[in-house]
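# Observations on the model geometry
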Amino acid sequence: MRTSKVLFLSVFLMGAAASAAFAQAQAPDTTDRTQPQAGNSASASVTTVNQAIDRMIAREHDEIAAMRRYNPIVETYIQDMKPDPAMGAIPVRDHYFLGQADLSKGIVDRSMLNRRKGKLDQFNPISHLSGFFTSSYVPEGFLEMIYVDPNGFDRQHYQIDFVRREFLGEVRCVVFDLTPLPKSGKGRFKGRVWAEDQNYTIVRFNGVYTPVAGINGFNLHFDSWRLNVQPGLWLPSDIFSQESDLKDFMGSRVRFKAQTRLWGYDLKNVGHEQEFSEMTIESASAIQDKSIAELKDRSPVEAEREWQHSAEVNVLDRLQRIGLLAPPGEVDKVLETVINNIEVTNNLDIQPEIRCRVLLTGTLESFSIGHTIVLSRGLLDVLPDEASLATMLAQELATIMVTRPETDQWGFNDMTNVTTVDALSHFTFKYTHGDIDLANKKAVELLKNSPYKDKLQTAGLFLKQLDSQQKALPALINSRLGNRIVFGSELQTSAPELKQDKIDQIAALPIGARVKIDPWSDQVELLKSKPVALTSAREKMPFEVTPFMPFLTRYQRPGSQVIADRAKADLAKRQGQAQPSQDQQQQAPQPQQ
């Protein structure tokens, strides 16, 4: 799981809210605990560790009830690792799971990959296959990591010890260690939890379910994070899991790293209610122009283009509604700027204009639908620079120019009316080998006339790195909806030799290096992290799984802005992270005034 990036940006001034919060605490509680709760709480009335623990336990039960109302998309990507004398550890095999959770029924992961899954008594992430001394990853076991303990999180099952105060991003938290009590049963969580200090909602937990090894398989260490997606509502978003030296039944070592991501919590509202509320009616005189007259009688070519555009819109709208495509946003504009650079320097005027969108899955793939280019989040994550991005976009731009992908069937609206679970088996945007070869040649021609013509060596290095790891990482590199990254040898031959031990040669980035997802709205953003100077080649980690490090913030309504006092935040950080004495452990952490 993730270690937190501790940046201290704000301090919460609680004086004015204390009396109102206390009054609220005295009033009868008629709140529906399955609904998102408001951000203001009776935190000021918490004066002891025991009160803080009771509040945290109650809030966790509320959170579990709230989670039952959602059916997020769940993606788990796993890399089996092996020791390497030069690189420390390298991936040698990978596994990929994509499904839609049905949390109302417990831990249910409905696969989108058409893989048959066996029923197990317990959802250990690694289960032993009956009759064989082999192991298999179970996606439900990774989904279970969204809960601390869904059935027994209370004082009767756990010893709970206060550790300290700590900031996770700009959210100040109280930290507790959890230890299952003797004879408390199996499946109990052992580790550490972080609860934000307003409502005492658990926002991060790091540890393992006990026992680690059992008759059905293994429990794994994990680090689970929740984000504040709505007022008072924190939902699971990112889980990192890792084992470096776990022994199986045969004495072999289990070494792996895994990322689990959840998004698509608000899919039921993707129907653009805001767009409807903003709709305006034009006056009759406003539409009387010559363009309307020209549209009355369309030529066959114009009719065909309109049909193709309707098909394009149908597919994009459906992919967005089922949670596979990010809504239009700032990342699209970045991609379209690169496309514009290529078009301008090649004297192209393609109509309708080329648009770009982001596929939310982590596999490395791209495709085009009509005049819309789609690149996956996973592909954007690992591209090392703008020239490499331009190479991927040029491939799809060339495909639009020299081929005619079949989209006619998507013009019928019923053909795109599919569920999230059925989408990957229903849609396909793969090209033939002949079309790919044609597009490759045209793409190289476009790139040689582009502003990126002198920077294509990095794109060639990326392709070399991709080729070198295709056998080890087929689940990542093989596409699901579109096309795997295939390019001609010309770019690779012009690139320098791939040297894994050379620190300043970055051929590909680790997974998660570029893009972050809002799990509620499905919006994507580019990370604003600065380049980090590497100290060894082991830190290059091309295409590798790494821990999550989110910067936690409290929910702000769109358009609102909180101005943080950095000096006070730093002071609160220094005071809050001091190791508690025995006297301090008897008092619950209080906000600094």
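Structural notes, computed from the coordinates. (Residues numbered from 1 in each chain as written. Predicted model: local features only at pLDDT ≥ 70, side-chain atom pairs only at ≥ 80, totals over all residues. Heavy atoms only, no water.)

## What to know about the overall build of the protein
The helix and strand tally for the protein stands at 15 helices and 18 strands. Within the protein, the proportion of its 593 residues that are buried is 50%. Excluding contacts between residues fewer than 6 apart, the proportion of contacts in the protein whose partners are at least 24 apart in sequence is 69%. When the accessible surface of the protein is summed, it comes to about 28,800 Å², and 51% of that surface belongs to carbon and sulfur atoms. (Helix = DSSP H or I, 4+ residues; strand = E, 2+ residues; numbered from the N terminus. Buried < 20%, exposed > 50% of the residue type's maximum accessible area, 1.4 Å probe, protein only. Contact = heavy atoms within 4.5 Å. Areas by Shrake-Rupley, 256 points an atom, 1.4 Å probe, with all protein chains shown as cover.)

## Some points on helix H11 (residues 433-448)
Each turn of an α-helix holds 3.6 residues, which means side chains three or four residues apart point in the same direction. Between its terminal C-alpha atoms H11 stretches 23 Å, which fits the 22 Å expected from 16 residues at 1.5 Å a residue. Among all positions in H11, only Ile436, Ala439, Asn440, Ala443, Val444, Leu446 and Leu447 are buried. Axial view of H11: buried residues confined to an arc of 160°, hence all on one face. (Expected span 1.5 Å × (residues − 1). Arc of directions from axis to C-beta.)

## Some points on the pairing of strand S15 (residues 366-369)
Burial along S15 is two-sided: the residues Ser366 and Ser368 and Phe367 and Ile369 are all buried. The pairing of S15 with strand S16 (residues 372-376) spans four bridges and is antiparallel. Paired with Ser366 across the bridge in S16 is Leu375. (Pairing = 2+ DSSP bridges.)

## A few points about the environment of Arg261
For Arg261, the position within the fold is in strand S13 (residues 253-263). Sequence separation between Arg261 and Thr361 is 100 residues; the distance between their C-alpha atoms is 9.5 Å. Filtering out sequence-adjacent residues up to four positions away, Arg261 remains in contact with Ile73, Val74, Glu75, Ser237, Asp238, Arg377, Asp381, Ile511, Gly512 and Phe548. At 3.0 Å, the side chain of Arg261 and the side chain of Gln259 are in polar contact. (Polar contact = N/O pair within 3.5 Å; in protein donor to acceptor, adjacent residues only side chain to side chain.)

## Observations concerning the sheet that holds S16
Strand order in this open sheet of three strands is S14-S16-S15, and the pairing throughout is mixed. Pairing within the sheet leaves two strands with one partner each, and these edge strands are strand S14 (355-359) and S15. Direction aside, neighbouring strands of the sheet carry axes that sit 25° apart on average. Sitting on the sheet, helix H7 (residues 330-345) touches S14 and S16, and the angle it makes with S14 is about 135°. Packed on one face of the sheet, helix H9 (residues 386-402) meets S14, S15 and S16 and runs near 140° to S16. (Axes fitted to C-alpha atoms, helices over the stretch in contact; angles between N-to-C directions.)

## Digging into the pattern of salt bridges
A full pass over the atoms with the stated rule returns 24 salt bridges. A salt bridge links Arg204 to Asp223; its shortest N-O distance comes to 2.9 Å. In this pair, Arg204 is assigned in strand S9 (residues 202-210) and Asp223 in strand S11 (residues 222-230), connecting sequence segments 19 residues apart. Both residues of the pair, Arg204 and Asp223, belong to the buried class. Of the charged contacts in the structure, one is a salt bridge between Arg357 and Asp332, with a shortest N-O distance of 4.0 Å. Residue Arg357 is found in strand S14, and its partner Asp332 is found in helix H7; the two are separated by 25 residues along the sequence. For the pair shown, Arg357 and Asp332 are each scored as buried. Each of the salt bridges in this network shares a partner with another, and the network as a whole consists of Arg172, Glu196, Asp197 and Arg554. (Salt bridge = Lys/Arg side-chain N within 4 Å of Asp/Glu carboxyl O.)

## Some thoughts on the packing of aromatic side chains
Following the criterion strictly, the structure yields 18 aromatic pairs and no others. Each ring, one from Tyr70 and one from Tyr265, has its centre 5.7 Å from the other, and the planes form 85°; the classification is edge-to-face. Of the two residues, Tyr70 is situated in the loop between helix H2 (49-67) and strand S1 (73-84) and Tyr265 in the loop between S13 and helix H4 (273-277); the sequence distance between them amounts to 195 residues. When its relative accessible area of 5% is taken as the criterion, Tyr70 is described as buried. Members of the aromatic cluster, each reached through a chain of ring pairs, are Phe189, Phe205, Tyr209 and Phe222. The cationic tip of Arg204 hangs over the ring face of Trp194; the distance from NZ or CZ to the ring centre is 4.2 Å. (Phe/Tyr/Trp six-rings, centres within 6.5 Å; stacked < 30°, edge-to-face > 60°. Lys NZ or Arg CZ within 6 Å of the ring centre and 35° of its normal.)

## Re the packing of H7 against H9
Look at H7 against H9: their axes get within 10 Å of each other, and the N-to-C directions meet at 70°. By the criterion of interaxial angle, the relationship of H7 to H9 is roughly perpendicular. Contact with H7, carried on its side by Leu335, Val338, Ile339, Asn341, Ile342 and Glu343, involves Glu386, Leu389, Ala390, Leu393, Ala394 and Leu397 of H9 and no other residues of that element. When its residues are assigned to classes, the contact of H7 with H9 shows nine nonpolar, one polar and two charged. (Parallel < 35°, antiparallel > 145°, perpendicular 65-115°, else oblique. Nonpolar A, V, L, I, M, F, W, Y, C, P; charged D, E, K, R; others polar.)

## What to know about H2
In this model, H2 (19 residues) spans 27 Å end to end at C-alpha, consistent with the 27 Å of a helix rising 1.5 Å per residue. Burial in H2 covers these residues: Val49, Ala52, Ile53, Met56, Ile57, Arg59, Glu60, Asp62, Glu63, Ile64, Ala66 and Met67. Among the structural elements, strand S6 (158-168), strand S7 (171-180), strand S8 (188-196), S9, S11 and strand S12 (233-247) are those in contact with the buried residues of H2.

## With respect to the side chain of Thr403
Examined against the element boundaries, Thr403 turns out to sit in the loop between H9 and helix H10 (423-426). In terms of polar contacts, Thr403 uses its side chain to reach the backbone carbonyl oxygen of Thr399, at 2.5 Å. Those residues in contact with Thr403, other than ones at most four positions away along the chain, are Ala398 and Asp435.

## Things to note about unusual backbone geometry
In this model, Thr210 is joined to Pro211 through a cis peptide bond whose omega is -5°. As for its placement among the helices and strands, Pro211 is situated in the loop between S9 and strand S10 (217-218). Following Gln351, the chain continues into Pro352 via a peptide bond in cis, with omega recorded as -5°. Its location among the elements puts Pro352 in the loop between H7 and S14. Here the phi dihedral of Tyr200 falls at roughly 65°; this positive angle occurs in a residue that is not glycine. For Tyr200, the position within the fold is in the loop between S8 and S9. Despite not being glycine, Asn347 has its phi angle at roughly 55°, a positive value. Locating Asn347 in the fold gives a position in the loop between H7 and S14. By relative accessible area, which is 73% here, Asn347 ends up exposed.

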